[in-house]
Amino acid sequence: MKPSECSLPIEEIQRQEIFWSWLDQHVGRLVRGLLEMALEGLVHERLGAAWNEQTPERRGHRNGYRRRSLMTPHGTLTLRVPRIRRGGFDPAMIFERYQRRIADVDRLLRHACLLGVSTRDTARLAEQLFGGALSHQTISHLMRWLDAELARWRSQPIAPIYPVVHIDGMHVAMVGSGRTVMLVAGRRADGHLDVLGFCVSTGEQCTALLADLRQRGLEGVQMIVSDESGAIRAALERVYPEVPWQHCLFHRLAQLRRDIGVTAYRDAMVAEAACLFRCPSRLAALEAATAWRERWESTAPIAVAHFLEDLSDSLSFYDLPVNWWKRVRTNNPLERLIRSLRERLRIMGCFHDESAIERAVFGQLLRRHKIRLTHNT
């Protein structure tokens, strides 16, 4: 904000900064004092006697103090923790023995990572907010709480409520070489899209992922939508050979544009080709395709032949009820989700290993409510 745009004079803003800085310091001292008072109370309860008090009920002796730092929402505090000569003193009611941050701080840092902040930037954010230095390895360790949830999600049964399944992948940067994250999403009868599973592979390999989903209960699938990836097709033929496959018409039209090249008639040719998939029936679409070929074959024979090759794969959606046609003609719903995931993951930078990629993807899907931790609900 420019100085001329400030609603308050510069002197007033400086006074506010001084006041709030003074208040933060006093709040930090107050919190530290209250924590040390609570620790003294726990020691008194543990020993059953005050300083230098000789009673028959006394259960030990004090042994000075040790200093330790604790990161809190009020800053990083240096506490005087009492010690006991024999028997030890456990302040677990206030913090664990080796705890360096309270739960609220960890929760805020995890949420920052889920918002797409990189581990290094999250460590810098912790230093700005709480006054303590953290390494990016510490932030990565904080995100390992997702491992248990991910393992539980991958082992739960899947209810057979997804008549249409979408499959697609995206590239993710990793140290050494890139990886591909393959996602499988199911569309419910109400139109809602749930991510049913994902895996990290060196290509668009998803055979093991699909086999696991089918073993967990993904049955009753009436159609599977994807692009023309050879790896995806091979996986479908092995795991779901009986389910019709819908070749995403968006990818087919995009390939047509590339085959035509930069010409004056490209837009008109592609626009007429797109109208084939809006016909009221499969027969009408095939008749329209014949008319389109007669119109453009002499102009761009190679592009026309490539577009019409296996055209029936992009007309499989006609086998479903009319209210499903618009939903399953393309893979765009999953493409939009992947686009948003890619934007978040790109900010996080280059991942160290596949486990880090899985945590990041699972965290983003969990945050966007694209996964159901219990499919039976």
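Quick note: structure is the one above.
Residues numbered from 1 in each chain as written. Predicted model: local features only at pLDDT ≥ 70, side-chain atom pairs only at ≥ 80, totals over all residues. Heavy atoms only, no water.

(A) Looking closely at a nonpolar patch on the surface. Together, Phe19, Trp20 and Trp22 make up an exposed nonpolar region whose accessible area comes to about 360 Å². Within the secondary structure layout, phenylalanine 19 lies in helix α1 (residues 10-47). When its relative accessible area of 40% is taken as the criterion, phenylalanine 19 is described as partly exposed. (Patch = residues over 30% accessible without salt bridge, like charges linked within 9 Å, V, L, I, M, F, W, Y side chains within 5 Å. Areas by Shrake-Rupley, 256 points an atom, 1.4 Å probe, with all protein chains shown as cover. Salt bridge = Lys/Arg side-chain N within 4 Å of Asp/Glu carboxyl O. Helix = DSSP H or I, 4+ residues; strand = E, 2+ residues; numbered from the N terminus. Buried < 20%, exposed > 50% of the residue type's maximum accessible area, 1.4 Å probe, protein only.)

(B) How the structure looks around the packing of aromatic side chains. Tallied over the entire structure, the rule returns nine aromatic pairs. Arranged with centres 6.4 Å apart and planes meeting at 75°, the rings of phenylalanine 277 and phenylalanine 307 form a pair that is edge-to-face. With a gap of 30 residues between them, phenylalanine 277 in the loop between α9 (266-274) and α10 (282-296) and phenylalanine 307 in helix α11 (residues 301-308) connect regions that are remote in the sequence. Note on phenylalanine 277: relative accessible area 2%, which makes it buried. Here the aromatic cluster, defined as three or more aromatic residues joined through ring pairs, consists of Trp153, Phe198 and Phe362. (Phe/Tyr/Trp six-rings, centres within 6.5 Å; stacked < 30°, edge-to-face > 60°.)

(C) Highlighting the layout of surface pockets. The computed volume of the largest pocket comes to approximately 600 Å³. Residue lining of the largest pocket: 24 residues in total, with Thr119, Ser140, Phe351, His352 and Ala356 positioned closest to the centre. Elements with a minimum of two residues in the lining of the largest pocket: α2 (103-114), α3 (119-130), α4 (136-142) and α14 (354-367). A total of six residues in the lining of the largest pocket trace back to one element, the largest contributor, which is α14. Residue classes in the lining of the largest pocket are distributed as 11 nonpolar, nine polar and four charged. Here the second largest pocket defines a volume of roughly 230 Å³. Around the second largest pocket, the lining residues are Asp24, Gln25, Val27, Gly28, Arg29, Arg32, Pro73, His74, Gly75, Thr76, Leu77 and Thr78. Elements supplying a minimum of two residues to the lining of the second largest pocket: α1 and β2 (75-84). (1 Å grid on protein atoms, 1.4 Å probe; cavity = no way out; pocket = protein on both sides within 12 Å on 5 of 7 lines; lining within 4 Å. Points joined across faces, edges and corners; volume = space filled by probe spheres on them. Nonpolar A, V, L, I, M, F, W, Y, C, P; charged D, E, K, R; others polar.)

(D) Local environment of the nonpolar core. Grouped together as the largest cluster of nonpolar side chains are 39 residues, with contacts concentrated most on Val181, Leu183, Phe198 and Leu365. Listed in part, the 30 residues of the second largest apolar core include Leu256, Ala274, Ala300 and Trp325. (Core = buried A, V, L, I, M, F, W, Y, C linked by side-chain atoms within 4.5 Å.)

(E) How the structure looks around the pairing of strand β4 (residues 179-187). In terms of residue burial, β4 counts as a mostly covered element, since nine of its nine residues are buried. Here β4 shows two buried faces, one formed by Arg179, Val181, Leu183, Ala185 and Arg187 and the other by Thr180, Met182, Val184 and Gly186. By the bridge criterion, nine bridges tie strand β3 (residues 164-172) to β4 in an arrangement that is antiparallel. Bridging across to β4, histidine 171 finds its partner in threonine 180. Hairpin geometry of β3 and β4 is characterised by an intervening segment of six residues between the two adjacent antiparallel strands and by a positive phi of about 100° at glycine 176. Across eight bridges, β4 lies against strand β5 (residues 193-201) in antiparallel orientation. Looking at β5, one finds that methionine 182 is bridged to cysteine 199. (Pairing = 2+ DSSP bridges.)

(F) Quick look at the side chain of glutamate 36. As for its placement among the helices and strands, glutamate 36 is situated in helix α1. Within the buried set, glutamate 36 has no salt-bridge partner at all; the shortest N-O distance to an opposite charge, 4.5 Å, is to arginine 32. Within the structure, the side chain of glutamate 36 is placed 3.1 Å from the backbone nitrogen of arginine 80, a separation counted as a polar contact. Discounting chain neighbours no more than four positions away, the residues touching glutamate 36 are Thr78, Leu79 and Arg80. (Lys, Arg positive; Asp, Glu negative; His and termini not counted. Polar contact = N/O pair within 3.5 Å; in protein donor to acceptor, adjacent residues only side chain to side chain. Contact = heavy atoms within 4.5 Å.)

(G) Geometry of the packing of helix α6 (residues 207-215) against helix α7 (residues 230-239). Following both chains from N to C, one finds α6 and α7 inclined at 35°, their axes separated by 9 Å at the closest point. The hand of the α6/α7 crossing is right-handed. Here Thr207, Leu210, Ala211 and Arg214 of α6 lie close against α7, whose contacting residues are Ala235, Leu236, Arg238 and Val239. (Axes fitted to C-alpha atoms, helices over the stretch in contact; angles between N-to-C directions. Left-handed = near helix turned anticlockwise from the far one by under 90°.)

(H) Fine view of unusual backbone geometry. Backbone geometry at aspartate 310 places phi at a positive 55°, although glycine is not the residue there. Within the secondary structure layout, aspartate 310 lies in the loop between α11 and α12 (322-328).

(I) Molecular detail of the side chain of arginine 329. Of note, arginine 329 is situated in the loop between α12 and α13 (332-348). For the buried arginine 329, which has no salt bridge, the nearest side chain bearing the opposite charge is aspartate 319, at an N-O separation of 14 Å. Of the polar contacts made by the side chain of arginine 329, one reaches the backbone oxygen of phenylalanine 277; its length is 3.0 Å. Here arginine 329 is in contact with Gln246, His247, Cys248, Leu249, Phe277, Arg278 and Phe317, once residues within four sequence places are set aside.

(J) Broad picture of a positive patch on the surface. Judged by side-chain charge, Arg29, Arg32, Arg67 and Arg80 come together as a positively charged surface patch. On the basis of relative accessibility, which here comes to 31%, the residue arginine 32 falls in the partly exposed class. (Charge placed at Lys NZ, Arg CZ, Asp CG, Glu CD.)

These values are about where atoms sit, not about what they do.
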